Structures are given as structure tokens and as C-alpha cells.
Amino acid sequence: MYSSLGKPTNIFWQECPVGKADRQKLLNQKGCVVWITGLSGSGKSTLACTLGRELHNRGKLSYILDGDNLRHGLNKDLGFKAEDRTENIRRVGEVAKLFADAGLICMASLISPYRKDRDFCRSISSDASFIEVFMNMPLELCEERDPKGLYKLARAGKIKGFTGIDDPYEPPLNCEIEIRPENGVCPSPCTMAEQVVTYLEEKGFLQE
Ligand SMILES: Nc1ncnc2c1ncn2[C@@H]1O[C@H](COP(=O)(O)OP(=O)(O)OP(=O)(O)O)[C@@H](O)[C@H]1O
Ligand SMILES: [Mg+2]
């Protein structure tokens, strides 16, 4: 479906004169992928936006690849069945890798429910520069928030294959960062973003 002419042959790699290290020097930061995964309503976009603002304030160049937005363009030909979800994640993983190679701190905020799809994205990036952030929020909290009204529709059977209701969410086994409620209370967006900024700082991503 995605490649009607079969596997391409006679393809070579073109080396470019300016490399990732040069771009990182220009930007005084290290390119990386911050992959934010979790249930719908768990706060992925909220974290990405708050983190993006904080990084911008610190003079760091970042970009958000948000699942919903990408489905308006790059991935608008894809639905929500398992193979479409896999292709959706594959494409975003490849784009995120390019953005990281461009020297940016690239945040990808997508439900990305299947472990093997996220692990694929990790496998194509250099391991140290792929930072998986798990929004470990209980389904009840996400369902209570339900800002898009999707859980209500899924419970009523009007949306089929909704993650957490009648489609699985596979939590990460090896994430770098886990964001979860403390004593039953979800941390504020700023606190969530701070947790990621601290990680990026400690690992040296905020300088060249
Ligand atoms: N830390 C937080 N504290 C309070 N409310 C929050 C927090 N994070 C997110 N919210 C609220 O929860 C709702 C869902 O958040 P958000 O849209 O970021 O979720 P999402 O994971 O991106 O969902 P989707 O997968 O559907 O895009 C929003 O109304 C948002 O304002
Ligand atoms: Mg979102």
C-alpha cells in the first residue's frame, strides 16, 4: 500500500558537508528525541507544550510532533487499526530522528500504545538520545478529564478500538522518565516539564 513499486534498489547514502556536531555547536545543545507516551488525556500534549515553552525561554530550539496535528498532514492517510498505528509511529519516529539529527530537541507526543512500535523508534535513534517519557496516569483520571469527549463515545460503542477501552496500551518497560501522580495528585504541568528539563540538563543535552 505504501510502496507500490517494491523495494528500491541502487540507492546510495549522500554524505553532507555540515554534520550533526556542527549544528549542535551552532545551537549549543544536543539533538535528541523526547518520546512522550501514554493514554489519551494523560497530559502528553500538555507536557510537550509546557516543556517547549520552558526550553524556548532558555534559548533552546525544540519542536513538537503531536499525534493529532500530524494526522492533519503527514499521516492523514492513516486510521487507527493496528497496522495504521504502527505506520503512524514509524513515520513519526523517522521524522523525529531527522529533527534530532538537525540538532533540535524533538518532542513526540503520541499515544503510541504498542511497545514494539516505540522500541522501533528507539532502535533507529542512537540509544542515548532517545528519551522515553511515560505518562503513567490512571485510566480513571484520563477518563474523568476526557477533554475531547472521546472516552464517552468509546464507552457508548461509538468509537471502536479506543486505547484503554477496547484496544490495549502497553506500558514501557525501560523508560527514562516516568511521570505519575504523587499521593493521588497529578503534578502540575510546570512540575512535569521541570522533571524532564532536569533530566536533559543532567545528561548534558542543554549544552553542546
Ligand atoms: N498536569 C496536569 N494537571 C492538570 N491538568 C492537566 C495536566 N496535564 C493535562 N491536563 C489536562 O488534561 C487534559 C488532557 O491533556 P492533554 O490534551 O495534554 O492529553 P493528551 O495525552 O495529549 O491526550 P490525547 O492523546 O487525546 O491528545 C487537558 O484538558 C489538560 O488541560
Ligand atoms: Mg494530545
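Structural notes, computed from the coordinates. No experiment lies behind these values; they were computed from the predicted model shown.

### Details of the layout of surface pockets
Summary: where empty space remains is shown by rolling a probe the size of a single water molecule over the atoms.
Right, so step 1: Considering only enclosed or pocket space, the largest pocket measures out at about 630 Å³ in volume.
Right, so step 2: At the level of elements, helix 2 (44-57), helix 3 (67-70), helix 4 (82-101) and helix 7 (150-155) are the ones that each hand at least two residues to the lining of the largest pocket.
Right, so step 3: Residues of the lining of the largest pocket, tallied by class, amount to 10 nonpolar, 12 polar and 9 charged.
Right, so step 4: Put simply, the parts of the chain that give the lining of the second largest pocket at least two residues each are helix 1 (20-27) and helix 4.
Right, so step 5: Take the lining of the second largest pocket: its biggest share by element is 5 residues, from helix 4.
Right, so step 6: When grouped by side-chain class, the residues that make up the lining of the second largest pocket number 7 nonpolar, 5 polar and 6 charged.

### Remarks on the environment of Val95
Right, so step 1: By the element assignment, Val95 lies in helix 4.
Right, so step 2: Taking the C-alpha atoms as reference points, Val95 and Cys106, 11 residues apart in sequence, are found 9.3 Å from one another.
Right, so step 3: Discounting chain neighbours no more than four positions away, the residues touching Val95 are Leu65 and Leu74.

### Topic: the site of ligand 1
Right, so step 1: Neighbouring ligand 1 are 17 residues, the closest being Ser40, Lys44, Thr46, Lys148 and Pro187.
Right, so step 2: For ligand 1, an oxygen atom lies 2.7 Å from a polar atom in the side chain of Lys44.
Right, so step 3: Note that a nitrogen atom of ligand 1 is positioned 2.7 Å from one of the backbone N or O atoms of Pro187.
Right, so step 4: The fraction of the free accessible surface of ligand 1 (640 Å²) that becomes covered by protein chains is 74%.
Right, so step 5: Broken down by element, the residue count for the shell around ligand 1 peaks at 3 residues, all from helix 2.

### Observations concerning unusual backbone geometry
Right, so step 1: Not every positive phi belongs to a glycine, and Asn28 is a case in point at roughly 50°.
Right, so step 2: Structurally, the position occupied by Asn28 is in the loop between helix 1 and strand 1 (32-37).
Right, so step 3: Phi is positive for Asp146, which is not a glycine, with a value near 30°.
Right, so step 4: Along the chain, Asp146 falls in the loop between helix 6 (139-145) and helix 7.
Right, so step 5: Residue Asp146 is classed as buried on the basis of its relative accessible area, which comes to 15%.

### What to know about the packing of helix 4 against helix 5 (residues 115-124)
Right, so step 1: Helix 5 packs onto helix 4 with a crossing angle of 20° between their chain directions and a minimal axis gap of 9 Å. Put simply, helix 4 runs roughly parallel to helix 5. Viewed along their axes, helix 4 and helix 5 form a crossing whose handedness is right-handed. Residue-level contacts link Arg85, Thr86, Ile89, Arg90, Gly93, Glu94 and Lys97 of helix 4 to Lys116, Asp117, Arg118, Phe120, Cys121 and Ile124 of helix 5.

### As for the nonpolar core
Right, so step 1: Counting residues in each nonpolar core, the largest one holds 30 residues, and the members touching the most others are Val34, Leu47, Ile131, Val133, Ile179 and Leu200.
Right, so step 2: Elements supplying a minimum of two residues to this core: strand 1, helix 2, strand 3 (105-109), strand 4 (130-135), helix 7, strand 5 (177-179) and helix 8 (189-202).
Right, so step 3: Looking at this core, the element that brings in the most residues is helix 8, giving 6 residues.
Right, so step 4: With near-sequence residues (within four places) excluded, Leu47 lies in contact with Ile36, Val133, Met135, Ile179, Met192, Ala193 and Val196.

What counts, and at which threshold
Residues numbered from 1 in each chain as written. Chains lettered and ligands numbered in written order. Predicted model: local features only at pLDDT ≥ 70, side-chain atom pairs only at ≥ 80, totals over all residues. Heavy atoms only, no water. 1 Å grid on protein atoms, 1.4 Å probe; cavity = no way out; pocket = protein on both sides within 12 Å on 5 of 7 lines; lining within 4 Å. Points joined across faces, edges and corners; volume = space filled by probe spheres on them. Helix = DSSP H or I, 4+ residues; strand = E, 2+ residues; numbered from the N terminus. Nonpolar A, V, L, I, M, F, W, Y, C, P; charged D, E, K, R; others polar. Contact = heavy atoms within 4.5 Å. Near = heavy atom within 4 Å. Polar contact = N/O pair within 3.5 Å; in protein donor to acceptor, adjacent residues only side chain to side chain. Areas by Shrake-Rupley, 256 points an atom, 1.4 Å probe, with all protein chains shown as cover. Buried < 20%, exposed > 50% of the residue type's maximum accessible area, 1.4 Å probe, protein only. Axes fitted to C-alpha atoms, helices over the stretch in contact; angles between N-to-C directions. Parallel < 35°, antiparallel > 145°, perpendicular 65-115°, else oblique. Left-handed = near helix turned anticlockwise from the far one by under 90°. Core = buried A, V, L, I, M, F, W, Y, C linked by side-chain atoms within 4.5 Å.

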